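What follows is the residue order along each chain.
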Amino acid sequence: MESRQRLSILLATGNADKQRMLAWLLEGLPFDPVSPAQAGVSASPDESGESHEAIAKAKAEAWSLAAGIPAIASDGGLLVPALGANWESRYTRRFAGPAADDSERQRRLLTLLERCRGADREAAFVEGLAIADGGYTLASWEARGATGRIVNNLADAGDPTGGDGFWVFPLWHFSEFDRTYDRLTQEERASLGDHWDSLRSSVRSFAQEWVPNKQSAHDRLEWPSDNAPTGASR
């Protein structure tokens, strides 16, 4: 009987919501996602890179060395053009200081934007993603998603602490659906040109080329029919 193998890959983050999104990128591919807790590993990657893609690469490389298996990692941030030099997307999570909680981060961002109106409150999200093995990056990408607007105040956000796990999403409103990002379905996000959908396509294209090279000479990977490699490399 023909043997089939799947590859273990580390979801290189301790954040449960981010693990869920990384696992979603891999759905339907011949991977067995493993969390750091399941692998019993930890890492402290350098996050001083000059772009989200560079930071994602550093994360994936460090985690792949720690786990001894391929790792997939991401790094994202909010782009707020109207704030100019007062905002840096790479520091979206820690711009309010290391001791700030999500509520404080939300209040601080709204304070920065309190004099902004209309289009000056527009914001987009950028996400870097990388896959590494043995401490070396195999592939990396950076995707910018849809543009929404930051709500005027916390009252407009509905439940500013609920939703999708990242502090800014309950403040990021899309008029097309009259809801904030954390309340959109995956299908609604895709219709807007979501950054995660773009990255998912990139991961699938990469996996169809790379994964077969990891198989042994006598094993064949379990590719679902709609993702089966066509043969010749592009």
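Owing to the predicted nature of the structure, the values given are computational and were not obtained by experimental measurement.

Quick notes on the rules
- Residues numbered from 1 in each chain as written.
- Predicted model: local features only at pLDDT ≥ 70, side-chain atom pairs only at ≥ 80, totals over all residues.
- Heavy atoms only, no water.
- Phe/Tyr/Trp six-rings, centres within 6.5 Å; stacked < 30°, edge-to-face > 60°.
- Helix = DSSP H or I, 4+ residues; strand = E, 2+ residues; numbered from the N terminus.
- Buried < 20%, exposed > 50% of the residue type's maximum accessible area, 1.4 Å probe, protein only.
- Lys NZ or Arg CZ within 6 Å of the ring centre and 35° of its normal.
- pLDDT = per-residue confidence, 0-100.
- Contact = heavy atoms within 4.5 Å.
- 1 Å grid on protein atoms, 1.4 Å probe; cavity = no way out; pocket = protein on both sides within 12 Å on 5 of 7 lines; lining within 4 Å.
- Points joined across faces, edges and corners; volume = space filled by probe spheres on them.
- Nonpolar A, V, L, I, M, F, W, Y, C, P; charged D, E, K, R; others polar.

### Thoughts on the packing of aromatic side chains
- Under the definition given, this model contains 15 aromatic pairs.
- Plain terms: the ring middles of Phe125 and Phe169 are 5.4 Å apart, the flat faces sit at 65° to each other, and that makes the pair edge-to-face. Here Phe125, found in strand E5 (residues 122–133), pairs with Phe169, found in the loop between strand E6 (136–150) and strand E7 (172–174); they are 44 residues apart in sequence, far enough to count as distant. Neither Phe125 nor Phe169 differs from the other in exposure class; each is buried.
- Measuring from ring centre to ring centre gives 4.6 Å for Phe169 and Tyr181, while their planes differ by 55°; the resulting arrangement is tilted. Of this pair, Phe169 sits in the loop between E6 and E7 while Tyr181 sits in the loop between strand E8 (179–180) and helix H5 (186–192), and the two are twelve residues apart along the sequence. Comparing Phe169 with Tyr181 shows no difference in burial state: the two are buried.
- Chaining the aromatic ring pairs together yields one cluster made of Trp87, Phe95, Phe125, Phe166, Trp167, Phe169, Trp172, Phe174 and Tyr181.
- Between Arg189 and the ring centre of Tyr181, over which it is positioned, the NZ or CZ distance is 4.0 Å.
- Looking at Arg200, its charged tip hangs above the ring of Trp24, at a distance of 4.2 Å from the centre.

### Remarks on the confidence of the model for the protein chain
- Averaged over all residues, the pLDDT of the protein chain is 87; the fraction at 70 or higher stands at 85%.
- Helix H3 (residues 52–67) holds the highest mean pLDDT among the elements of the protein chain, 98, whereas strand E9 (residues 220–221) holds the lowest, 46.
- Ignoring residues within four places in sequence, the model shows residues 216–234, a span with pLDDT below 50, making 36 contacts including any to other chains.

### Let's talk about the layout of surface pockets
- Taken as a whole, the largest pocket holds about 580 Å³ of empty space.
- Contributing elements (two or more residues each) for the lining of the largest pocket: helix H1 (16–25), H3, strand E4 (71–79) and E5.
- Looking at the lining of the largest pocket residue by residue, the class counts come to eleven nonpolar, seven polar and twelve charged.

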